[in-house]
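Residue-level listing of the chains:
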Amino acid sequence: MRAADIIARKRDGIALSAEEIDFMVQGYTQDTIPDYQVAAWLMAIVLRGMERQETIDLTMAMVRSGERLEWQNIDASVVDKHSTGGVGDKTTLVVAPLVAAAGVYVGKMSGRGLGFTGGTLDKLESIPGFRADLSVEAFRAQLERIGIVVTGQSAGLVPADGKLYALRDVTATVDSLPLIASSIMSKKIAAGANGIVLDVKVGHGAFMETEDEAEELASLMVHIGTKMGRRVRAVISDMNQPLGHAVGNAVELQEAIATLHGRGPLDFREHCLTIGTQLLLVAGTVEGTSDARNELENLLDTRRAWSKFREWIEAQGGDLAFVDEPERLPSARFVRELPAPRTAYVAGLDAREIGLTSMLLGGGRAKKGDTIDHAVGVVLHAKVGARVEKGEPLLTIHADDEGKLSGAQQRLLAAYDWSDEPVEPAPLIHKVIGQG
Ligand code: URA
């Protein structure tokens, strides 16, 4: 087999065999096929697409490039969730302990924020002492002991994805449904959970800007996971405006803690209950949606999900004093409220701009490996549909630098659209796909 022939076949729109795909993936992982050939192959995939079977074969080839975890000897059902990335998306911080409190094990590898989107590990690392670099052995031991573990991606898992993603990033080949779906699903399959819920975000603050694209990605990923014997569901959820009120790291953690105490923004609580319900359904521990929801509401309201959160944070070395008194979490030097510029209804709130502003304040990374400031961010007081009076607090900026603070003010004000007439916000949940 020759890489050049495989590239030519894909260039000509011919479906590749499992062997051809495997040859390219293993060859690239083992450095026997160079970057330039793989870049040409990836571009041919972007332009010509892949059939569903090719996408499944690509996913499996990526899984085979590294280690594969298995949890068969764990009695409980092990589930995992994945968000395609958004702004203010702190869902794992609430949903993981919530579902674990219901007796369903959550074993999850999370990522860090990049660009305008945030990452769960960065939020968790606002807690002094919290460790996100567990070995596979420590991951397994904690999962068996307390039923919940969230850590960074193990280096041995899907090494092909690490290499391919870095190459895609610099060759304009990220935007491709089969490449995105195989990248996400290979990591989920290799991490071993038998139930998977995919939170596919749609809107200005997401990868997928249209509902059609989001639905296509969601159904492709559900198809791949189901073919591989996993129970998979996908929720298509709105990301035109940020989720909840807080965008940053420590501020998002504070909001998640408030939600675990039965407070917190209603949209965020609702989103957590929806994802949690789907997780219990794929785990098969409930009769139906209303059963799941009642159980989860009860676990939130009786603080049992909160107790599980504490157990989890303590197990990973986090100092509980900072979650018991979240006002002790890293705080910014400048905390400034911005007043509403007019009396009107909020008609739009550009999630991407809010996420970018938080990144520019220092809360995110422009490129992989940048250090971040856990204290900075933005807290929104009025979201789409709210009516505000001129001069009322519109949002609060948390900054460590006065120059960045004034830059953020301009951007944030420009992120709002206004209307004199009442405005109905987009639905939070657009669709649920898969029966799992
Ligand atoms: N997230 C991933 O893990 N991979 C992609 O290709 C896109 C988003």
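The rules we used
Residues numbered from 1 in each chain as written. Predicted model: local features only at pLDDT ≥ 70, side-chain atom pairs only at ≥ 80, totals over all residues. Heavy atoms only, no water. Near = heavy atom within 4 Å. Polar contact = N/O pair within 3.5 Å; in protein donor to acceptor, adjacent residues only side chain to side chain. Areas by Shrake-Rupley, 256 points an atom, 1.4 Å probe, with all protein chains shown as cover. Helix = DSSP H or I, 4+ residues; strand = E, 2+ residues; numbered from the N terminus. Nonpolar A, V, L, I, M, F, W, Y, C, P; charged D, E, K, R; others polar. Buried < 20%, exposed > 50% of the residue type's maximum accessible area, 1.4 Å probe, protein only. Pairing = 2+ DSSP bridges. Axes fitted to C-alpha atoms, helices over the stretch in contact; angles between N-to-C directions. Contact = heavy atoms within 4.5 Å.

Trainee: For the site of the ligand, give the residues involved together with the corresponding values.
Mentor: The ligand sits among Y165, R168, I180, S183, I184, K187 and F207. The contact in question runs from an oxygen atom of the ligand to an N or O atom on the side chain of R168, over 3.0 Å. One nitrogen or oxygen atom from the side chain of K187 is found 2.5 Å from an oxygen atom belonging to the ligand. Isolated, the ligand exposes 240 Å² of accessible area, and the fraction of that covered by the protein chains is 88%. Taken together, the elements giving at least two residues each to the shell around the ligand come down to α8 (159-169) and α9 (177-191). Top contributing element to the shell around the ligand by residue count: α9, with 4 residues. Split into classes, the residues belonging to the shell around the ligand amount to 4 nonpolar, 1 polar and 2 charged.

Trainee: For unusual backbone geometry, give the residues involved together with the corresponding values.
Mentor: The residue A172 is not glycine, and still its phi comes out positive at about 55 degrees. With respect to the helices, strands and loops of the structure, A172 is situated in the loop between α8 and α9. We classify A172 as exposed; its relative accessible area is 64%. The phi angle at R303 is positive, at roughly 65 degrees, despite the residue not being glycine. Here R303 shows up in the loop between α13 (289-301) and α14 (304-315).

Trainee: Can you lay out the sheet that holds strand β6 (residues 246-248) for me, pointing to particular residues and giving the numbers?
Mentor: Pairing is antiparallel across the open sheet formed by 4 strands, whose spatial order is β6-β9-β11-β7. Of all the strands in the sheet, the pair left with one neighbour each is β6 and β7 (334-339). Each adjacent strand pair in this sheet contributes to an overall mean axis angle of 15 degrees, direction not counted. As judged from the 6 bridges shared by β7 and strand β11 (residues 393-399), these two strands associate in the antiparallel manner. Each bridged residue has a counterpart across the sheet, and for F334 the counterpart in β11 is A399. Across the sheet, helix α11 (residues 250-260) lies against β6, β9 (377-380) and β11, angled at about 140 degrees from β6, the strand it touches most.

Trainee: Please provide a residue-by-residue account of the environment of H430, values included.
Mentor: Within the secondary structure, H430 is located in strand β13 (residues 429-433). Along the backbone, H430 and K201 are 229 residues apart, and their C-alpha atoms lie at a distance of 9.5 Å. Not counting residues within four places of it along the chain, the set of residues in contact with H430 comprises V202, E211, I236, S237 and D238. Only 3.1 Å separates the side chain of H430 from the side chain of E211, close enough to count as a polar contact. Side-chain polar atoms of H430 contact the side chain of D238, separated by 3.1 Å.

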